[in-house]
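Letter by letter, the chains look like this.
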Amino acid sequence: MTTLVPPQELAEVTAEPAVRRRERRPRRRRRAGLGWLRRWVSPLLILAAWQVLSSAGILTEDVLASPLQILATATELLADGTLQSATATSIGRVLSGFLIGATAGLVLAVVAGLSRIGEDAVDPPMQMLRTLPHFGLIPLFIVWMGIGETPKIALIAMGVAFPLYLNTFAGIRSVDRKFLEAAHTLNLTRRQRLRHVIAPGALPQALVGLRQSLGVAWLSLIVAETVSADAGLGYLINDAREFLKTDVIVVGLAVYSLLGLLTDTLVRLIERKALAWRS
Amino acid sequence: MALMTRNPRHQTPRPNRTDATEDGTGRSVATVTELHRSFGTTHVLRGLDLEIRGGEFVALLGRSGSGKSTLLRSLAGLDPASPRELTVHGAVSVAFQEPRLLPWRTVEDNVALALANGPLRRIRREHARRSLDEVGLTEKRDAWPLSLSGGQAQRVSLARALVSKPNLLLLDEPFSALDALTRIEMHRLVVALWKRHRPGVLLVTHDVDEALALADRVLVLDQGQVAAQWSLAVPRGRRNGDPQISAIRTHVLEALGVDAGTRNPRTERPTESGAA
């Protein structure tokens, strides 16, 4: 054993790998940047081919409008405010459904996660219900609630509640008992343990659930609006279908995917901020 | 298994305390009388008696399964015990084998958390910084625990244990996962901190030489009881090669069931046949 190595030298030796890692990082980032550019090539080529086929008259407008036509329609729909009001209606539905479903999912997960009785009461029915494909409930929802806003919001809420419940419940249960014991020896109260140990410990898994549930929320919205709607993006698309206006349909679809992308990015940002300790 | 319950057994396993009236040096900080502890049909502690005085550094040795950890958990309040069996006077802190720092709180917040029920936020912060300063990690106060080395994390754990000025400090093999050099540094640090704060210390360890280097008193636990104990009169730092300490070392190894000729306390008992 080389006990004669002075502590400073030891520190240098252990510090070396970290320095090397820091040097390597920018190089990897540069390569990633190039790859990002390269990945744009084929989508742009497909877009160009699409435009060429449309301009040549091979791809007719009642099958699929040309990219330029779609762009023009989007500008038009934005100019007269149709797109904004339809989007606002759809966002409103998702927001209400998400808030109701997320609240239910979170509350149930906390009840089941924090107590044995809660688990026995909540978890079995939740596990049974989760196997139901929730889109299959649409006929029942229509029977119960008609075809207004309520069944749409209910469908979204159903879709949101389950992934959030399952992940948050699993997150609470996965909190390491050793941390709870440490909290106990620090004399933390029940509330403090919740705040400092259980909540942050369950957060990573809960955020996974949040991302899943937001994805399901948008999907549920699209399904609900396609089934029946008198306003919103789904109405815009259904109305366009009647007149074979494929350009409007594609604009509607593009807004759907943009909204999905937006919420996903939002959760990613929350993750990066809230889970900074993991890096 | 529920994480939090209202079951009173989970709410009050804290050792029964009396308030410390003075700084407590020389007074008993923990009294264990006839402590029995069993899991199912396995009796882990069978009428254990132990007293730890304020400012006293006690090392507890024993084979795996001798009940060391069980005793420590009882003293830490993690397992229930009746006031007749176990009394801790004043505050008790624990440094575990794994530092158990909350990874989602900064180093400073981890230390300050030990004072969560105490003074104002600003004062908690001040105390936490002072405590981190004592273990030489001031510059790491805003770091995430996962970015620390094993030795650094263990030092933060010590800072967290000491920031609440405990009368009894329980050390549960805190150095066993560290490399040999870091362990030597940690030994020095623990002795320095102990001299400054003077809590009663109970160090649970597998390492006979560690126990002999640090403690005032060495206990050997066997079959749920204190089988033997020695007081070490030789001052720390002059123990290496001291004949008195060497003699005690031989006795300790014997009490642990190790052939006195071997250097490794983890060697099997002579009565157990098998490969080395």
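Residues numbered from 1 in each chain as written. Chains lettered and ligands numbered in written order. Predicted model: local features only at pLDDT ≥ 70, side-chain atom pairs only at ≥ 80, totals over all residues. Heavy atoms only, no water.

The cut-off we apply is this: UniProt positions are given in the numbering used here, feature names are shortened, and annotations may be inferred rather than shown by experiment.
Under an unreviewed UniProt entry, the name given to chain A is ABC transporter permease, and the source organism is Nocardioides jiangsuensis. Under the heading Subcellular location (unreviewed entry), UniProt records this for chain A: "Cell membrane". Under the UniProt heading Sequence similarities (unreviewed entry), the note attached to chain A is "Belongs to the binding-protein-dependent transport system permease family."

1. Quick look at the pairing of strand S9 (residues 217-222) of chain B
Residues and elements named next belong to chain B. Selection rule: Classification of residues uses two cut-offs on accessible area relative to the type maximum, computed with a 1.4 Å probe and protein chains only: under 20% is buried, over 50% is exposed, and between them is partly exposed. Elements are defined by DSSP. Helices are runs of H or I of four residues or more, strands are runs of E of two residues or more, and each kind is numbered from the N terminus. Two strands make a pair as long as DSSP finds a minimum of two bridges between them.
A large share of S9 lies buried, amounting to five of its six residues. For S9 and strand S10 (residues 225-231), the ladder comprises six bridges, and the chain directions are antiparallel. When the sheet's bridge partners are listed, arginine 217 is paired in S10 with serine 231. Between S9 and S10, which pair antiparallel and follow one another directly, the connecting turn spans two residues, one of which, glutamine 223, has a positive phi of 50°.

2. Description of helix H8 (residues 177-185) of chain A
Residue and element names in this part refer to chain A. Put simply, the rule reads: Polar contact is defined as a pair of N or O atoms within 3.5 Å, subject to the rule that within protein one atom must be able to donate a hydrogen and the other to accept it, and that residues adjacent in sequence are counted only when both atoms are side-chain atoms.
Extensive coverage of H8 is indicated by the burial of seven of its nine residues. Between a side-chain oxygen at the N-terminus of H8 and the backbone nitrogen of lysine 178 the separation is 3.0 Å; the capping residue is aspartate 176. After H8 finishes, the residue asparagine 187 shows a positive phi value of roughly 65°.

3. A look at the UniProt feature "transmembrane region" (unreviewed entry) in chain A
Residue and element names in this part refer to chain A. This chain's UniProt record puts "transmembrane region" (unreviewed entry) on residues 37-59, 94-117, 129-147, 153-172, 216-237 and 249-270. Helix makes up 74% of residues 37-59 and strand 0%, whereas the separation of the span's terminal C-alpha atoms amounts to 29 Å. Counted over residues 216-237, helix gives 77% and strand 0%. Its end C-alpha atoms are 20 Å apart.

4. A closer look at the pairing of strand S8 (residues 200-205) of chain B
All names here are of chain B. Taken across its six residues, S8 has six buried, putting it largely inside the fold. Taking every second residue as pointing to the same face, both faces of S8 are buried, with Gly200, Leu202 and Val204 on one and Val201, Leu203 and Thr205 on the other. Bridge count for strand S4 (residues 57-62) against S8 is five bridges, and the pairing is parallel. Counted as the bridge partner of leucine 61 is threonine 205 from S8. Here five bridges tie strand S7 (residues 168-172) to S8, and the two strands are oriented parallel to one another.

5. Brief notes about the environment of B:Leu221
Residues and elements named next belong to chain B. Our working rule: We call two residues in contact when some of their heavy atoms are within 4.5 Å.
Relative to the helices and strands, leucine 221 is located in strand S9. On the basis of relative accessibility, which here comes to 2%, the residue leucine 221 falls in the buried class. Along the chain, leucine 221 and alanine 255 lie 34 residues apart, while their C-alpha atoms are 8.8 Å from each other. Discounting chain neighbours no more than four positions away, the residues touching leucine 221 are Leu48, Leu60, Leu61, Gly62, Arg63, Ser66, Gly67, Lys68, Val226 and Ala227.

6. Remarks on the sheet that holds strand S6 (residues 92-95) of chain B
Residues and elements named next belong to chain B. Short version of the rule: In this description, a line fitted to the C-alpha atoms serves as the axis of each element, helices being fitted only across the stretch in contact, and the angle between N-to-C directions of two axes falls anywhere from 0 to 180 degrees.
Across the sheet, which stays open at both edges, the six strands sit in the order S6-S7-S8-S4-S9-S10 with mixed pairing between neighbours. Lying at the two open borders of the sheet, with one neighbouring strand each, are S6 and S10. In this sheet, neighbouring strand axes are inclined to one another by 20° on average, regardless of whether the strands run parallel or antiparallel. Sheet contacts for helix H5 (residues 150-162): S6 and S7; angle to S6, the most-contacted strand, approximately 175°. The strands touched by helix H8 (residues 243-255) are S4, S9 and S10; relative to S10, the strand with the most contacts, the crossing angle is about 175°.

7. Structural notes on helix H6 (residues 180-197) of chain B
All names here are of chain B. The test is simple: Take the residue count of a helix, subtract one, and multiply by 1.5 Å to get its expected span.
Compared with the 26 Å implied by 1.5 Å per residue over 18 residues, the 26 Å span of H6 between its first and last C-alpha is a close match. Those residues of H6 that sit buried are Leu181, Thr182, Met186, His187, Leu189, Val190, Val191, Leu193 and Trp194. Near the N-terminus of H6, the side chain that reaches the backbone nitrogen of leucine 181, with its oxygen 3.2 Å away, is that of aspartate 179. Once H6 finishes, arginine 198 follows within two positions and takes phi at roughly 55°, a positive value.

8. Description of the packing of aromatic side chains
Rules: Any two of the Phe, Tyr and Trp rings considered here, Trp counted by its six-membered ring, make a pair once their centres fall within 6.5 Å; the pair's planes then place it as stacked at under 30 degrees, edge-to-face at over 60, or tilted in between. Note on geometry: a ring has a charge over it if NZ (lysine) or CZ (arginine) is within 6 Å of the ring centre and within 35 degrees of the ring normal.
Applying the stated rule across the entire model yields five aromatic pairs over all chains. A centroid spacing of 6.1 Å and a plane angle of 35° characterise the contact between A:Phe141 and A:Trp144, whose relative ring orientation is tilted. In this pair, A:Phe141 and A:Trp144 both sit in helix H6 (residues 138-145), three residues apart, roughly one turn of the helix. Measuring from centroid to centroid gives 5.8 Å for A:Tyr165 and A:Phe169, while their planes differ by 10°, and the two rings are stacked. One end of the pair, A:Tyr165, and the other, A:Phe169, are both in helix H7 (residues 149-173), four residues apart, so they sit about a helical turn from each other. For the pair shown, A:Tyr165 and A:Phe169 are each scored as buried. Above the plane of the ring of B:Phe96 lies B:Arg100, whose end atom (NZ or CZ) is 3.8 Å from the centre. Of note, B:Arg198 hangs over the ring of B:Trp194, and the distance from its end group to the ring centre comes to 4.4 Å.

9. What to know about the side chain of B:Ser66
Residue and element names in this part refer to chain B. Looking at where serine 66 falls in the secondary structure, it is placed in the loop between S4 and helix H2 (68-76). Classification of serine 66 as buried rests on a relative accessible area of 4%. In terms of polar contacts, serine 66 uses its side chain to reach the backbone carbonyl oxygen of arginine 63, at 2.7 Å. What serine 66 contacts, discounting residues up to four positions off in sequence, is Val44, Leu221, Gln223 and Gly224.

10. Re the nonpolar core
The test is simple: In these notes, a set of buried Ala, Val, Leu, Ile, Met, Phe, Trp, Tyr and Cys residues joined through side-chain atoms within 4.5 Å is what counts as a nonpolar core.
Formed by 99 residues in total, the largest nonpolar core has its most connected members in B:Val218 and B:Val252. By residue number, the principal contributor to this core is helix H9 (residues 190-227) of chain A, which donates nine residues. Dropping the residues within four chain positions of it, B:Val252 is found in contact with B:Leu61, B:Val208, B:Val218, B:Val220 and B:Trp230.

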